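Inside the fold
Here's the letter readout for the chains.
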Amino acid sequence: MSWTVAFPVNRADAEALPDVDDLFDAPPTLNVEEPDPARPDDWLLTAYFADPPSPDAVTRLASLFPSAGPVTVAELEEADWTTLSQRGLEPVRAGRFLVHTAAHTAAVRPGDRAIRIEAGLAFGTGQHATTLGCLHALDRLGKRRARPARIADLGTGTGVLAIAALKRWPGAAAVASDIDPVAIGVAEGNARANRTRAGRAAGRLELVTAPGLGHPRLKARAPYDLVLANILAPPLIALARELAHATSPGGTVVLAGLLSGQARRVRAAYRRHGLVPMATLGRAEWPCLVLKRRASAPGTAGGRKR
Ligand SMILES: C[S@@+](CC[C@H](N)C(=O)[O-])C[C@H]1O[C@@H](n2cnc3c(N)ncnc32)[C@H](O)[C@@H]1O
């Protein structure tokens, strides 16, 4: 990833992020972010290219976003970029969870469930309200004596939520996925750094590259007692039926990545498939929804008897 193409877009364009894999010989990795929560319609799209993008590639990319503003092309100095991205990553707490970088190990207190995550090429350093909301949800579920045996984390990014869930429930078996293979590589490194062992057995984490539940391993391992999905609202809505089917009766689903104005639509989509809203956590503009699957809901994936 050594070149970036960045331009402002509106929220609708950011959320409808197109699949660019077939449009470029060397497809870029796309990232969208909302730089200022006070201006929720002003987003920034950044495309990471491995090689200098041609003028044609830049024009083609910008033409995919009707609201695209002025385009900036820049070379990323790897060393400088890493240093810059580490700056300001203060440790963050969510209940007993503490997410910190190697530079802040001194912040760990006795009793903390500490997770070490370095800044890098994947989302999920704990700094964003969506990640924090999910960590609070995990902390709360733990206090309610939930004991999920099978956990899925969709859109795992750095792997932070899957790692946190296994720290809370060390006997559970977890699988985590991301649509972005770069993120899966980052999550593998973070799992190692946090002594989360790779594998399919109890206490281990399996990582796969896939959109949503679109991987045979994710389907084979269902149903899940706990599903975490911090993705944007449109893919969450699109996933509602499949995700509900992959959740065990009485199981819990934690959703984030949606904006407050989208919460009603997301809840409605999941309610249609037997997932009842239990709580809304997190910061107002980035709510985190905790849902429970009705114990009497019809058939689950995988046919596991409980
Ligand atoms: C907001 S980040 C969440 C990262 C981490 N789970 C956290 O809570 O901080 C969303 C992640 O979902 C991935 N993603 C986006 N759409 C996806 C999809 N349809 N299926 C799976 N992953 C997706 C992105 O690549 C990104 O890593």
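Worth saying up front: this structure is predicted, and the values here are computed from it rather than measured.

1. So, the pairing of strand β13 (residues 275-281)
- Bridge count for β13 against strand β14 (residues 288-293) is six bridges, and the pairing is antiparallel. Across the sheet, V276 pairs through a bridge with K292, a residue of β14.
- The turn joining β13 and β14, which pair antiparallel and follow one another in sequence, is formed by six residues; a positive phi near 85° is taken by G282.

2. Comments concerning the domain arrangement of the chain
- Domain boundaries in the chain define domain 1 (3-76) and domain 2 (123-300).
- Here the C-alpha centroids of domain 1 and domain 2 sit 27 Å apart.
- Every contact between the two is made by eight residues of domain 1 and, on the other side, seven residues of domain 2.
- Each partner contributes to the roughly 650 Å² buried at the junction of domain 1 and domain 2, and carbon and sulfur atoms together form 63% of this total.
- Our count for the domain 1 to domain 2 interface comes out at zero salt bridges.
- The interface formed by domain 1 and domain 2 holds zero residue pairs in polar contact (both at pLDDT 80 or more) in total.
- Those elements giving two or more residues to the side of domain 1 that touches domain 2 turn out to be α1 (11-15) and β2 (29-33).
- A per-element tally of the side of domain 1 that touches domain 2 places α1 first, with three residues.

3. A few points about the site of the ligand
- Around the ligand there are 16 residues in total, and T131, G155, D178, G212 and N230 lie nearest to it.
- One nitrogen or oxygen atom from the main chain of T156 is found 3.3 Å from a nitrogen atom belonging to the ligand.
- N230 places a polar side-chain atom, nitrogen or oxygen, 2.8 Å from an oxygen atom of the ligand.
- About the coverage of the ligand: the protein hides 83% of its 590 Å² of free accessible area.
- The residue inventory of the shell around the ligand, partitioned by class, reads seven nonpolar, seven polar and two charged.

Here is what the cut-offs are and how they apply
Residues numbered from 1 in each chain as written. Predicted model: local features only at pLDDT ≥ 70, side-chain atom pairs only at ≥ 80, totals over all residues. Heavy atoms only, no water. Pairing = 2+ DSSP bridges. Helix = DSSP H or I, 4+ residues; strand = E, 2+ residues; numbered from the N terminus. Domains from an automatic or database assignment. Contact = heavy atoms within 4.5 Å. Buried area = accessible area lost by both parts, 1.4 Å probe. Salt bridge = Lys/Arg side-chain N within 4 Å of Asp/Glu carboxyl O. Polar contact = N/O pair within 3.5 Å; in protein donor to acceptor, adjacent residues only side chain to side chain. Near = heavy atom within 4 Å. Areas by Shrake-Rupley, 256 points an atom, 1.4 Å probe, with all protein chains shown as cover. Nonpolar A, V, L, I, M, F, W, Y, C, P; charged D, E, K, R; others polar.

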